[in-house]
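Spelled out, the chains give:
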Amino acid sequence: MLQGQEKFKDLRMAHIEWTPELNLGIAEIDDQHRRIVDYLNELYQAQLRQDRNMLKEIIDDVMDYTLSHLGFEEVMMRDAGYEFFNAHKWVHDAFVDRVSGLHKRFDEGEDVAAELHALLARWLVNHILKQDKHYVDVVKAHASQNALHTQSKRMNWLSQFFGGK
């Protein structure tokens, strides 16, 4: 078990608190992960109220947002040349299949809110602490290299514009 993971062993249908060990240090990804946690907490509240219309709206939103997040993460990994991109994408695809199945069952009238919440919460925490931590250094190095390249191009342009070489 990874350091810090023991806090998240029991993720039944309940309010989830974001903790610092879930931060990857990539602002966009951390913000997206936090938003998914917010959706999970909204799902919990809707389930407590037993409001099927609210549940449908939140389940649809969390599905859309999660798919968009996974796509963003995949583009970032691919662009950075992450060595294990295909394996990471396979994990994403398998997860999407499971969540899509739950979404379909909900649309057919089944009460899957607690099951969906537990799956999303467990998956999100485990995915961040296990799989996502592996691509961070590669993505950060790629972003840093791109920033230096952009700065160098800008300085070259300024130098040429103001009469330099």
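Please read all numbers here as calculations on a predicted model, not as lab measurements.

(A) Main features of the overall build of the chain. Counting its regular elements, the chain contains 4 helices and 0 strands. Order of helices (α) and strands (β) in the chain, N terminus to C terminus: α-α-α-α. Put simply, the chain has 165 residues, and 38% of those count as buried. A sequence separation of at least 24 residues applies to 71% of the contacts in the chain between residues at least 6 apart. Within the structure as shown, the chain displays about 10,000 Å² of accessible surface, and the carbon and sulfur contribution to it stands at 52%.

(B) Local environment of the pattern of salt bridges. Counted according to the given criterion, the structure contains 11 salt bridges. With a closest N to O distance of 3.9 Å, Arg35 and Asp38 form a salt bridge. Of this pair, Arg35 and Asp38 are both found in helix α1 (residues 27-49), 3 residues apart, which corresponds to roughly one turn of the helix. Looking at Arg35, the relative accessible area reads 26%, which means it is partly exposed.

(C) Summary view of the packing of α1 against helix α2 (residues 52-80). Between α1 and α2, the shortest axis-to-axis distance is 10 Å and the interhelical angle comes to 165°. Put simply, α1 runs roughly antiparallel to α2. When the axes of α1 and α2 are compared, the crossing they make is left-handed. Looking at the contact of α1 with α2, its residues break down into 13 nonpolar, 5 polar and 7 charged.

Scoring rules and cut-offs
Residues numbered from 1 in each chain as written. Predicted model: local features only at pLDDT ≥ 70, side-chain atom pairs only at ≥ 80, totals over all residues. Heavy atoms only, no water. Helix = DSSP H or I, 4+ residues; strand = E, 2+ residues; numbered from the N terminus. Buried < 20%, exposed > 50% of the residue type's maximum accessible area, 1.4 Å probe, protein only. Contact = heavy atoms within 4.5 Å. Areas by Shrake-Rupley, 256 points an atom, 1.4 Å probe, with all protein chains shown as cover. Salt bridge = Lys/Arg side-chain N within 4 Å of Asp/Glu carboxyl O. Axes fitted to C-alpha atoms, helices over the stretch in contact; angles between N-to-C directions. Parallel < 35°, antiparallel > 145°, perpendicular 65-115°, else oblique. Left-handed = near helix turned anticlockwise from the far one by under 90°. Nonpolar A, V, L, I, M, F, W, Y, C, P; charged D, E, K, R; others polar.

Keep in mind that these numbers describe shape and distance, not what the molecule does.
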